Amino acid sequence: MAKETFIVKNAVGGMIYIDTGKSPVDYRLDAQEDGGWLFTIRTKRSAAVEEILRFRQELNVFVFREEEGRPTVKTWYYVGDGPVEYDEAGGQLTIRAASRIEYIPDTYLS
Amino acid sequence: MIKVYAAEDRHRTDLGWLVSRPSFQFGAYVDPDNTGFGVLRVFNDDFVAPGKGFGAHPHSDMEIVSVILKGAIRHEDNLGNIEITRVGEVQRITAGSGVIHAEYNPSETEELNLLQMWFMPRERGLAPSYETSRYDPAKLTNALHPIVTPTGSEEAASIQQDMTIYLGRLEAGREIAYRQESGRRLFLFVIEGSIQANGVRLGERDSARISDVADLTLSTPEAPAFVLLIDLP
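This one's a predicted model, so the numbers in the text were calculated from it and none came from an experiment.

**Re the UniProt feature "domain: Pirin N-terminal" (unreviewed entry) in chain B**
Turning to step 1, where the next piece is worked out: The feature "domain: Pirin N-terminal" (unreviewed entry), as given by UniProt, occupies residues 10–118 of chain B in the numbering adopted here.
Turning to step 2, where the next piece is worked out: Along residues 10–118 of chain B the backbone is 0% helical and 56% strand, and the end-to-end C-alpha distance reaches 17 Å.

**Focus on the packing of aromatic side chains**
Turning to step 1, where the next piece is worked out: Within this structure, the stated rule accounts for 13 aromatic pairs over all chains.
Turning to step 2, where the next piece is worked out: Note on Phe6(A) and Tyr27(A): the rings are 4.4 Å apart at their centroids and 25° apart in plane angle, and the pair reads as stacked. With Phe6(A) in strand 1 (residues 3–10) and Tyr27(A) in strand 3 (residues 26–31), this residue pair connects regions lying 21 residues apart in the sequence. This pair shows no difference in class: Phe6(A) is buried, exactly as Tyr27(A) is.
Turning to step 3, where the next piece is worked out: Plain terms: the ring middles of Phe43(B) and Phe189(B) are 4.9 Å apart, the flat faces sit at 50° to each other, and that makes the pair tilted. Of the two residues, Phe43(B) sits in strand 4 (residues 40–48) while Phe189(B) sits in strand 17 (residues 185–192), which places them 146 residues apart along the sequence. The residues Phe43(B) and Phe189(B) share a single accessibility class, namely buried.
Turning to step 4, where the next piece is worked out: Sitting over the ring of Phe64(A), Lys74(A) keeps its end group 4.4 Å from the ring centre.
Turning to step 5, where the next piece is worked out: Lying over the aromatic face of Phe226(B), Arg169(B) brings its terminal NZ or CZ to 3.8 Å of the ring centre.

**Topic: the UniProt feature "binding site: Fe cation" (unreviewed entry) in chain B**
Turning to step 1, where the next piece is worked out: Taking the numbering used here, the UniProt-annotated feature "binding site: Fe cation" (unreviewed entry) corresponds to His57(B), His59(B), His101(B) and Glu103(B). Of the residues just listed, which span 47 residues, no C-alpha pair is farther apart than 12.7 Å, and they cluster in one region.
Turning to step 2, where the next piece is worked out: Looking at the secondary structure, you find His57(B) in strand 5 (residues 53–59).
Turning to step 3, where the next piece is worked out: Apart from the residues within four sequence positions on either side, His57(B) is in contact with Tyr103(A), Val99(B), Ile100(B), His101(B) and Glu103(B).
Turning to step 4, where the next piece is worked out: A distance of 3.1 Å separates a polar atom in the side chain of His57(B) from a polar atom in the side chain of His59(B).
Turning to step 5, where the next piece is worked out: Its place among the elements puts His101(B) in strand 10 (residues 99–104).
Turning to step 6, where the next piece is worked out: Setting aside residues up to four positions removed in sequence, His101(B) forms contacts with Gly55(B), Ala56(B), His57(B), His59(B), His75(B), Glu76(B), Asp77(B) and Ile93(B).

Calculation criteria
- Each residue is numbered by its place in its chain's sequence as written, counting from 1.
- Each chain gets a letter, beginning with A, and each ligand a number, beginning with 1, in the order they are written.
- In view of the model being predicted, local features appear only for residues whose pLDDT reaches at least 70, and side-chain atom pairs are presented and counted only at 80 or more, with totals across whole chains, interfaces and linings using the full set of residues.
- The side-chain figures draw on all heavy atoms in the structure; neither hydrogens nor water molecules are used.
- UniProt positions are given in the numbering used here, feature names are shortened, and annotations may be inferred rather than shown by experiment.
- Each helix is a run of DSSP H or I of at least 4 residues and each strand a run of E of at least 2, with the numbering of both proceeding from the N terminus.
- Each Phe, Tyr or Trp ring (for Trp, its six-membered ring) is paired with any other whose centre lies within 6.5 Å, and the angle between the two planes then decides the class: stacked below 30 degrees, edge-to-face above 60, tilted in between.
- Throughout this description, buried means an accessible area under 20% of the type-specific maximum (1.4 Å probe, protein chains only), exposed means over 50%, and partly exposed covers the range between.
- Two thresholds decide whether a charge sits over a ring: the Lys NZ or Arg CZ must be within 6 Å of the ring centre and within 35 degrees of the ring normal.
- Residue contacts follow a heavy-atom distance rule, with two residues in contact if any of their heavy atoms lie within 4.5 Å.
- Definition of a polar contact: a pair of N or O atoms within 3.5 Å, with one able to donate and the other able to accept a hydrogen when the atoms are protein atoms, and with sequence-neighbouring residues admitted only if both atoms are side-chain atoms.

Structure, rendered in structure tokens:
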């Protein structure tokens, strides 16, 4: 069975804000009609959420897929100008990505 | 104002295969009061062990310049570029809307030393691209020779920002004068030796952040020196 990990980190400093491999969160990923992608994360307004909002233009967003006997497949999402927003009433953070690149780290520098 | 930052005051990251001395907040070095200088966000003085390096990872909306001081670096990216950059060469990546790359020291015996700099681009969402340029080392003698410019040239990489990176080698007793336009900044890094910048001493691997100085004179009264100067907004 495949394992999926969702990660949000700072693109310059590398600080990790969300890592479902270490601290699970409820999230959903939906393809948008214009080709973009929308992450919806159910979470309280935490210090990590504040940092994500503060550094909304410097985010690296990933989904890692690991399956036994196969190399890890990483998908990186380009957030660009987002938007990245927090909905107080709904208790959810949304991150909109404009595009994505899928890559297999093992195929580099081989 | 010329504000000097001593080499030994830089943070030191030691991962065994990598020793990095960042001038600005980066990775494990967290200092919210030191996150950049104008459009310069990262200036890392990296030493990479033979055969080691950075696995595949993304970048976006940054102009990334690597100046090789010792050894070589092998770069591979999702755009199809596979290249080795050596001493005398400069690597420039426009990360733009996204690039995945890996880089490592291809030598089995020689350490790699590079200066890696990240600059904010003139606009976000640019088309990603990669370039390696080569400069003539003879042109560095007693001059500030441009190695990265907005338009690029046969001997200079191009960059998507209103800025220029120079290298210069001063012989003992020589001077170089540089005129700074009003409202711009200069970042000075001493690669080898020591220099005087308008009479202010900088030792090896020291840096200076310079603003509101119209005329800058670099001199080396006693011994040769090798410097990198960035003129940036």
